[in-house]
Number of protein chains: 2
Amino acid sequence: MNKTISDTIEEFIMASLDDDDFIELSRNDLAKFFSCVPSQINYVLNTRFTVNRGFVIESQRGGGGYIKIVRMQDNNNNFLTNALNMCTQPLSLTEGAQIINHMVERRLISEREAELIKSTISVKALNNPINIDNKLRSNILAQVIIKLMKGDFK
Amino acid sequence: MNKTISDTIEEFIMASLDDDDFIELSRNDLAKFFSCVPSQINYVLNTRFTVNRGFVIESQRGGGGYIKIVRMQDNNNNFLTNALNMCTQPLSLTEGAQIINHMVERRLISEREAELIKSTISVKALNNPINIDNKLRSNILAQVIIKLMKGDFK
DNA sequence: TTATACTGACTTTCTTTGACCTTTGATTTT
DNA sequence: AAAATCAAAGGTCAAAGAAAGTCAGTATAA
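Residues numbered from 1 in each chain as written. Chains lettered and ligands numbered in written order. Predicted model: local features only at pLDDT ≥ 70, side-chain atom pairs only at ≥ 80, totals over all residues. Heavy atoms only, no water.

### Let's talk about the overall build of chain A
Line of reasoning, step 1. Looking only at helices and strands, one finds seven helices and three strands in chain A.
Line of reasoning, step 2. When the helices and strands of chain A are listed from N to C terminus, the series reads α-β-α-α-β-β-α-α-α-α.
Line of reasoning, step 3. Taken against the 2.2 N^0.38 rule, which gives 15 Å for 154 residues, the C-alpha radius of gyration of chain A at 20 Å runs more than 25% over that of a compact globule.
Line of reasoning, step 4. By its C-alpha atoms, chain A is 65 × 30 × 30 Å across when sized along the principal axes. (Helix = DSSP H or I, 4+ residues; strand = E, 2+ residues; numbered from the N terminus. Rg over C-alpha atoms; globule rule 2.2 N^0.38 Å.)

In structure tokens, the structure reads:
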């Protein structure tokens, strides 16, 4: 709907990151460019360019100061590999949900997708005779992760 | 039978949905336009634009907040009830995939979501001792369907 | 008289702003 | 040359603002 200044600034930075894996900018200049207070730049950085979303911020104060925004490449591969690893062990419902939540934080999946996946490893879904729920849960989650790793969606 | 404000608002939103599958609007603006309190918009949404009637609502608070109303492709209740019914019986991988594909056709889920869900009922995911795969598969799919029916996504 | 509609106070969430703080490189003093 | 000062960045945080959500009470239509 009505884009906020923060959204616009986010877009601008994203676009700047299209070509390169990092950009360096002046907080004051950027603020002036968007006619906002400098601290709004920090707000955008803190809410949108977080580590969870795959960015790292470096900066320097004082004369000649700057802000550098770096897009981590390979960010999610490590995470996914790690998550997949956890799935070699049986997982409780809570543990499984935790992994899924992290996927959302990292923007690998949407809230909606998360809820769908959670329902696939719910107690009800795994309602089966013997107590192999946890093993099954990790199995199922592992397949979802593999799918995400491959990323071969149409 | 006199039209209420709620009816008028409903009509307005319906008309807006004529062209597109979704609209985004500002609760405050709409309330102002119809000279009612903002919470009346919620009332209309809660009573008329329910999942049962084939709508999904998304929203965001705070500055730049909005309300998004999405029309699901025709009313899917019959379809979902039917699918859920199939899930009382064991399902082969092919049968499961078929149901999922239909969900995509009906725009209940995206291609991406479909692939994620397919991976949860894949042979690999259900790789467990005895041959209760098919029962498990229908169980899992049933939970996904129930989730979709409830539509209680954040 | 019951179900539906309306209202408004209060809550939660996200954004914007500004006052004050810290760091740093450059410049001036001693 | 070392110490002191200064100005130019960037950082923090809390308060104010802007939307939307909730819920319980009241009013009204059937």
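Continuing now.
### A look at the domain arrangement of chain A
Line of reasoning, step 1. Domain annotation for chain A reports domain 1 (5-71) and domain 2 (76-150).
Line of reasoning, step 2. For domain 1 of chain A and domain 2 of chain A, the distance between their C-alpha centres works out to 33 Å. (Domains from an automatic or database assignment.)

### A look at the sheet that holds strand β2 (residues 55-60) of chain B
Residue and element names in this part refer to chain B.
Line of reasoning, step 1. Reading across from one edge, β1-β3-β2 is the order of the three strands in this open sheet, with antiparallel pairing throughout. Sheet topology places β1 (22-25) and β2 at the edges, where each strand pairs with a single neighbour. Adjacent strand axes in the sheet meet at a mean angle of 15° when their direction is disregarded.
Line of reasoning, step 2. Pairing of β1 with strand β3 (residues 66-71) involves four bridges; the strand directions are antiparallel. Looking at the pairing, Phe-22 lines up with Val-70 of β3. (Pairing = 2+ DSSP bridges. Axes fitted to C-alpha atoms, helices over the stretch in contact; angles between N-to-C directions.)

### Some details on helix α5 (residues 93-105) of chain B
Residue and element names in this part refer to chain B.
Line of reasoning, step 1. Its 13 residues give α5 an end-to-end C-alpha distance of 18 Å, which sits within 8% of 18 Å, the value for a rise of 1.5 Å per residue.
Line of reasoning, step 2. Among the residues of α5, Gly-96, Ala-97, Ile-99, Ile-100, Met-103 and Val-104 are the ones counted as buried. Projection of α5 onto a plane perpendicular to its axis shows the buried side chains occupying an angular sector of 160°, all on one side. Opposite its buried face, α5 presents the exposed residues Thr-94 and Glu-105, each directed more than 90 degrees away.
Line of reasoning, step 3. Once α5 ends, the next one or two residues include Arg-107, with phi positive near 60°. (Expected span 1.5 Å × (residues − 1). Buried < 20%, exposed > 50% of the residue type's maximum accessible area, 1.4 Å probe, protein only. Arc of directions from axis to C-beta.)

### Structural notes on the environment of A:Arg106
Residues and elements named next belong to chain A.
Line of reasoning, step 1. Its place among the elements puts Arg-106 in the loop between α5 (93-105) and α6 (111-120).
Line of reasoning, step 2. According to the relative accessible area criterion, Arg-106 is buried, its value standing at 18%.
Line of reasoning, step 3. Here the alpha-carbon distance between Arg-106 and Leu-17, two residues 89 residues apart in the chain, equals 18 Å.
Line of reasoning, step 4. Not counting chain neighbours up to four residues away, the residues in contact with Arg-106 comprise Asn-52, Asn-75, Asn-76 and Phe-79. (Contact = heavy atoms within 4.5 Å.)

### Overview of the sheet that holds strand β1 (residues 22-25) of chain A
Across a sheet, strands are paired by hydrogen bonds formed along the backbone, either parallel or antiparallel in direction.
Residues and elements named next belong to chain A.
Line of reasoning, step 1. Across the sheet, three strands lie side by side as β1-β3-β2; this open sheet has antiparallel pairing. Only two strands of the sheet have a single partner each, and these edge strands are β1 and β2 (55-60). Averaged over all pairs of adjacent strands, the angle between their axes in this sheet comes to 15°, without regard to strand direction.

### Description of the protein's contact with DNA strand C
Line of reasoning, step 1. In the region of DNA strand C, 24 residues are neighbours, and A:Ser6, A:Gln40, A:Tyr43, B:Ser6 and B:Gln40 sit closest.
Line of reasoning, step 2. Here the atoms of DNA strand C within 4 Å of the protein split so that 65% fall in sugar or phosphate, with bases taking the remainder.
Line of reasoning, step 3. The separation between a phosphate oxygen of DNA strand C and a polar side-chain atom of A:Ser6 is 2.4 Å.
Line of reasoning, step 4. Between B:Ser39 and DNA strand C, the recorded distance is 2.7 Å, taken from a side-chain N or O atom to a base oxygen.
Line of reasoning, step 5. Of all the secondary structure elements, the ones that give two or more residues to the surface near DNA strand C are α1 (5-16) and α3 (38-48) of chain A together with α1 (5-16) and α3 (38-48) of chain B.
Line of reasoning, step 6. Of the residues belonging to the surface near DNA strand C, the class tally is six nonpolar, 14 polar and four charged. (Near = heavy atom within 4 Å. Polar contact = N/O pair within 3.5 Å; in protein donor to acceptor, adjacent residues only side chain to side chain. Nonpolar A, V, L, I, M, F, W, Y, C, P; charged D, E, K, R; others polar.)

### Re the nonpolar core
Line of reasoning, step 1. Counting 49 residues, the largest nonpolar core has A:Met103, A:Ile109, B:Met103, B:Ile109 and B:Ile140 as its most contacted members.
Line of reasoning, step 2. Of all the elements in the fold, those that place two or more residues in this core are α4 (75-86), α5, α6 and α7 (133-150) of chain A together with α4 (77-86), α5, α6 (111-120) and α7 (133-150) of chain B.
Line of reasoning, step 3. Those residues within four positions of A:Ile109 in sequence are excluded, and the remaining contacts are A:Ile100, A:Met103, A:Val104, A:Ala114, A:Ile117, A:Leu148, B:Arg112 and B:Leu116. (Core = buried A, V, L, I, M, F, W, Y, C linked by side-chain atoms within 4.5 Å.)

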